[in-house]
There are 2 protein chains.
Amino acid sequence: MSELKLNCPLPLQYEQIVMAHGGGGRLMQQLLDRIIQPVFSNPLLNQKHDSAVLTVNGSKLAFTTDSYVVKPLFFSGGDIGKMAVCGTLNDLAMSGALPLYLSCALIIEEGFAIKDLQRIVESMQHTAQQAGVLIVTGDTKVVDHGSGDGVYINTAGIGIIDANVNVSPADIRVGDSIIINSDIARHGIAIMLEREGMNFDSNIASDCADLSGLVQDLLKADIEIHCMRDLTRGGLASGLIELAASSHHAIKIDETALPIHQDVSSACEILGFDPLYIANEGCFALFVPQAQAAQTLSVLHRHPLGKQACQIGTVTATHSKGSVTLKTAMGISRVLDLLSGEQLPRIC
Amino acid sequence: MSELKLNCPLPLQYEQIVMAHGGGGRLMQQLLDRIIQPVFSNPLLNQKHDSAVLTVNGSKLAFTTDSYVVKPLFFSGGDIGKMAVCGTLNDLAMSGALPLYLSCALIIEEGFAIKDLQRIVESMQHTAQQAGVLIVTGDTKVVDHGSGDGVYINTAGIGIIDANVNVSPADIRVGDSIIINSDIARHGIAIMLEREGMNFDSNIASDCADLSGLVQDLLKADIEIHCMRDLTRGGLASGLIELAASSHHAIKIDETALPIHQDVSSACEILGFDPLYIANEGCFALFVPQAQAAQTLSVLHRHPLGKQACQIGTVTATHSKGSVTLKTAMGISRVLDLLSGEQLPRIC
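Since the structure is predicted, the reported quantities are computational estimates derived from the model, not experimental observations.

Draft legend 1. Spatial organisation of the overall build of chain A. Of the regular secondary structure elements, chain A holds 8 helices and 14 strands. Relative to the 2.2 N^0.38 estimate, which gives 20 Å for 348 residues, the radius of gyration of chain A is 19 Å and therefore close to what a compact globule would have. Taken along its principal axes, the extent of the C-alpha atoms in chain A is 55 × 50 × 50 Å. Looking at chain A residue by residue over its 348 residues, the buried ones come to 64%. Intrachain contacts of chain A at a sequence separation of at least 6 include 84% that bridge at least 24 residues. Just so you have it, chain A exposes about 12500 Å², and 50% of that area is on carbon and sulfur atoms.

Draft legend 2. Inspection of the relation of the copies chain A and chain B at higher detail. If you rotate chain A by 180 degrees and push it 0.0 Å along the axis, it lands on chain B with an RMSD of 0.0 Å. These values place the two chain copies in the arrangement generated by a two-fold rotation axis. A share of 100% of the interface residues of chain A reappears at the interface of chain B, consistent with the copies meeting face to face through the same patch.

Draft legend 3. Spotlight on unusual backbone geometry. Following Lys71(A), the chain continues into Pro72(A) via a peptide bond in cis, with omega recorded as 5 degrees. Note on placement: Pro72(A) falls in the loop between strand 2 (59–68) and strand 3 (74–75). Phi is positive for Asp222(B), which is not a glycine, with a value near 60 degrees. Its place among the elements puts Asp222(B) in the loop between helix 5 (212–220) and strand 9 (227–230). Unusually for a residue other than glycine, Arg346(B) sits at a positive phi of about 55 degrees.

Draft legend 4. Main features of the interface of chain A and chain B. Listed by partner, the interface residues are 79 residues for chain A and 79 residues for chain B. With both sides pooled, the region where chain A packs onto chain B buries about 6700 Å², and carbon together with sulfur makes up 68% of that total. On the chain A side of the contact with chain B, Ile17(A), Phe40(A) and Ile114(A) bury the most area, a combined 11% of that side's loss. Summed over the shared surface of chain A and chain B, the result is 8 salt bridges.

Draft legend 5. Inspection of the pattern of salt bridges at higher detail. Scanning all chains against the criterion turns up 26 salt bridges over all chains. Ionic pairing is found between Lys141(A) and Asp139(A), a salt bridge with its closest N-O pair at 2.9 Å. Here Lys141(A) and Asp139(A) have matching classes, each one buried. Between Arg186(A) and Asp183(A) there is a salt bridge; the shortest N-O distance is 2.9 Å. Here Asp183(A) falls in the buried class, since its relative accessible area comes to 1%. Each member of the salt-bridge network shares a partner with another, and the members are Asp66(A), Arg233(A), Asp139(B) and Lys141(B).

Draft legend 6. Representation of the packing of aromatic side chains. Inspection of every chain in the model, using the stated rule, returns 1 aromatic pair over all chains. In this structure, Lys141(A) packs its charged tip against the face of Tyr68(B), placed 5.6 Å from the ring centre.

Draft legend 7. Structural detail: helix 8 (residues 293–301) of chain A. All names here are of chain A. Within the span of helix 8, buried status applies to Ala293, Thr296, Leu297, Val299 and Leu300. The buried residues of helix 8 all sit within an arc of 160 degrees when viewed along its axis, so they share a single face. Among the structural elements, strand 8 (177–180), helix 5 (212–220), strand 11 (284–288) and strand 12 (310–318) are those in contact with the buried residues of helix 8.

Draft legend 8. Spatial organisation of the domain arrangement of chain A. Residues and elements named next belong to chain A. Domain boundaries in chain A define domain 1 (50–161) and domain 2 (169–336). With centres defined by C-alpha atoms, the gap from domain 1 to domain 2 works out at 23 Å. Contacts between domain 1 and domain 2 engage 22 residues on the former and 22 residues on the latter. Taken together, both faces of the contact between domain 1 and domain 2 bury some 1800 Å²; the carbon and sulfur share is 59%. Looking only at domain 1, the three residues that lose the most surface to domain 2 are Ser76, Asn90 and Met94, adding up to 33% of its buried area.

Draft legend 9. Region of interest: the sheet that holds strand 6 (residues 134–143) of chain A. Residue and element names in this part refer to chain A. A sheet is described by the order of its strands in space; here 5 strands give the open sequence 1-2-7-5-6, paired in mixed fashion. Each having just a single partner strand, strand 1 (52–56) and strand 6 make up the two edges of the open sheet. If you compare each strand with its neighbour and ignore which way they point, the axes differ by 20 degrees on average. Summarising the sheet, strand 1 and strand 2 pair through 5 bridges and their orientation is antiparallel. Paired with Val56 across the bridge in strand 2 is Ser59.

Draft legend 10. Fine view of helix 5 of chain A. Residue and element names in this part refer to chain A. Among the residues of helix 5, those classed as buried are Ser212, Leu214, Val215, Gln216, Leu218 and Leu219. In this structure, the buried residues of helix 5 make contact with helix 2 (80–94), strand 5 (98–109), strand 9 (227–230), strand 11 and helix 8. The first or second residue beyond helix 5 is Asp222, which carries a positive phi of 60 degrees.

Draft legend 11. Geometry of the UniProt feature "domain: PurM-like N-terminal" (unreviewed entry) in chain A. When the UniProt feature table is mapped onto this chain numbering, "domain: PurM-like N-terminal" (unreviewed entry) sits at residues 49–161 of chain A. The distance separating the terminal C-alpha atoms of residues 49–161 of chain A is 14 Å; by composition the span is 29% helix and 46% strand.

Draft legend 12. Geometry of the environment of Ile108(B). Along the chain, the position of Ile108(B) falls in strand 5 (residues 98–109). Ile108(B) gets classed as buried once you look at its relative accessible area, which sits at 0%. For the pair Ile108(B) and Val151(B), spaced 43 residues apart in the sequence, the C-alpha separation amounts to 4.4 Å. Not counting the four nearest positions on each side in its chain, Ile108(B) is found in contact with Ile17(A), Leu31(A), Leu117(B), Thr140(B), Lys141(B), Val142(B), Val143(B), Gly150(B) and Val151(B).

Draft legend 13. Molecular detail of the confidence of the model for chain A. Scored by pLDDT, chain A comes out at a mean of 93, with 96% of its residues at no less than 70. For residues 1–10 of chain A, every residue scores under 50 in pLDDT, and the model assigns this stretch 26 contacts once sequence neighbours within four places are set aside.

Draft legend 14. Summary view of the environment of Glu224(A). Residue and element names in this part refer to chain A. Mapped onto the elements, Glu224 comes out in the loop between helix 5 and strand 9. Taking the relative accessible area as the measure of exposure, Glu224 reaches 46% and is therefore partly exposed. Placed 64 residues apart in sequence, Glu224 and Val288 show a C-alpha to C-alpha distance of 6.2 Å. Once residues lying within four places of it in the same chain are set aside, the contact partners of Glu224 are Phe287, Val288, Pro289 and Gln292. In this structure the side chain of Glu224 is engaged in a polar contact, spanning 2.9 Å, whose partner is the side chain of His226.

Reading guide: rules and limits
Residues numbered from 1 in each chain as written. Chains lettered and ligands numbered in written order. Predicted model: local features only at pLDDT ≥ 70, side-chain atom pairs only at ≥ 80, totals over all residues. Heavy atoms only, no water. Helix = DSSP H or I, 4+ residues; strand = E, 2+ residues; numbered from the N terminus. Rg over C-alpha atoms; globule rule 2.2 N^0.38 Å. Buried < 20%, exposed > 50% of the residue type's maximum accessible area, 1.4 Å probe, protein only. Contact = heavy atoms within 4.5 Å. Areas by Shrake-Rupley, 256 points an atom, 1.4 Å probe, with all protein chains shown as cover. Least-squares fit on C-alpha atoms with pLDDT ≥ 70 in both. Buried area = accessible area lost by both parts, 1.4 Å probe. Salt bridge = Lys/Arg side-chain N within 4 Å of Asp/Glu carboxyl O. Phe/Tyr/Trp six-rings, centres within 6.5 Å; stacked < 30°, edge-to-face > 60°. Lys NZ or Arg CZ within 6 Å of the ring centre and 35° of its normal. Arc of directions from axis to C-beta. Domains from an automatic or database assignment. Pairing = 2+ DSSP bridges. Axes fitted to C-alpha atoms, helices over the stretch in contact; angles between N-to-C directions. UniProt positions renumbered as here; feature names shortened; annotations may be inferred. pLDDT = per-residue confidence, 0-100. Polar contact = N/O pair within 3.5 Å; in protein donor to acceptor, adjacent residues only side chain to side chain.

Structure follows, in structure tokens:
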């Protein structure tokens, strides 16, 4: 983020990549800010948005990419194929785009069962069809046994943005209401329980879902959306901290307002995880003018993926480095910071 | 290819993925035609082109993706970063597009040296800058040690195609001249020598290069290009066999016309490889009307990447299944067929 100095020598412990470099926390930010961003730097990349927003022949397009390395490949509520499609649809939607076309690039490990591959591509196609988008181009590579982990999937996507829609971290304003569409932390906990073979009484399913239809409903209702962010790796806290830093604003959120499923909350308590930092795959935060908060909630509540929508906080002030403060259930204020990495690696 | 029946039960030996499923040969075609293509099937994907050609708001766009798993990561003439940029630029160029924007998604193995990562992204940026394109969006994932192989890169790309340009396998016509821009088989042999630690007297470097400038020169000269194909995995033979099959044409090529560097030819002879099936990364075939062959060659010869351009064959007839016949140096005709896989795996 902005407080990091570019091109400073890396501390010795970071001469090699560690798992936390992919965890959506501080070490990942350092890797991006010190190594990758300075090399590729250009105004479009530097928007630090979920998608790049491009103008091609007068049309405003969104373009995004994500690789998926989630482990296990199949889990309660989804699989790597559904995630790869939903994740890229959501990144497009977060820039205000209507998703149109996706790519699908597979890196398959030698020895992977073809019936599992078939199940995964069928899940991708099913999810794409539900969303009304086409998978139009692809690539297949095979790596030797021991050089992969079943299958890794990359999806890139193209969407179209209405000329009047401007959704970006730079458009966040003091006074904005911060709304989320659903309960948090379900995806990360579902993956963790699946991975560790733990059985809780109730089945906690990932929230993995395509949010683009919900976003289109908001746009059709003429909600003046300032910014949106899907709360994936690093969870709600990391998403808001990044937005606060890149928009130079202070954010306050209220712990008692956060919807968390009782079973997720119990699992977090037993396992020692903070749900604020647990990944979601069907939950997003949106920033709207306070005057439109009620209407926004009403649009969200009419959609199956927005039934639990609620306001969780506000943008309170400008702040050079950005800050996110949580008012806890005890009434104490706590400044949230990025974790060094993800509490759970290989979550997406 | 067209002769395969879809949805037929897979022979037992193909219940799991083998290396040849990624080799650009017959097994890869089977995987695509039986498992992936039937699931995703749509008119845009079914073009079987290097890029999907899309119309968005009246603009003709090309969209493509490729993952790179080449081993080793650094080799004479290039590295995985340069390849990842050139490969996607070339896929866009092969559809007649001017490349505009690229994505960069990294899957990095825990323990990978950050200085190597830096060298790779700098190589990507250098190659992109030379081509006048921007890397505008990206993603970084980390997988645990033993679940990757240093780094895998996916690049997707967007380009714009002039409304009057139509370049696709379906536009191949009887009588077309088939021209290539350079000598063949350098990339595969360079990688193989590097991987096996073999030292030949002369340094055989990969031909890895961005062909988009050369293609733009052809378009500016109003060459009526019917089809283009970069001759990557599976080499010249596989590229032409695929085009013959998807366009339903018979192709004849002349072995004596094929430019092969003497050192590459010697290496192939010693190692028992057929240069016709060896991967290239800066060589493409183009199909133009015979009347424009001389002008095409003249445009190509003026560009550094086209100095060795020559006509290697013609499209001789329609043929329901497609066929490629090689007239050998001995004057014998030999029908070329896809190999089951790649002679050299992990070549790109």
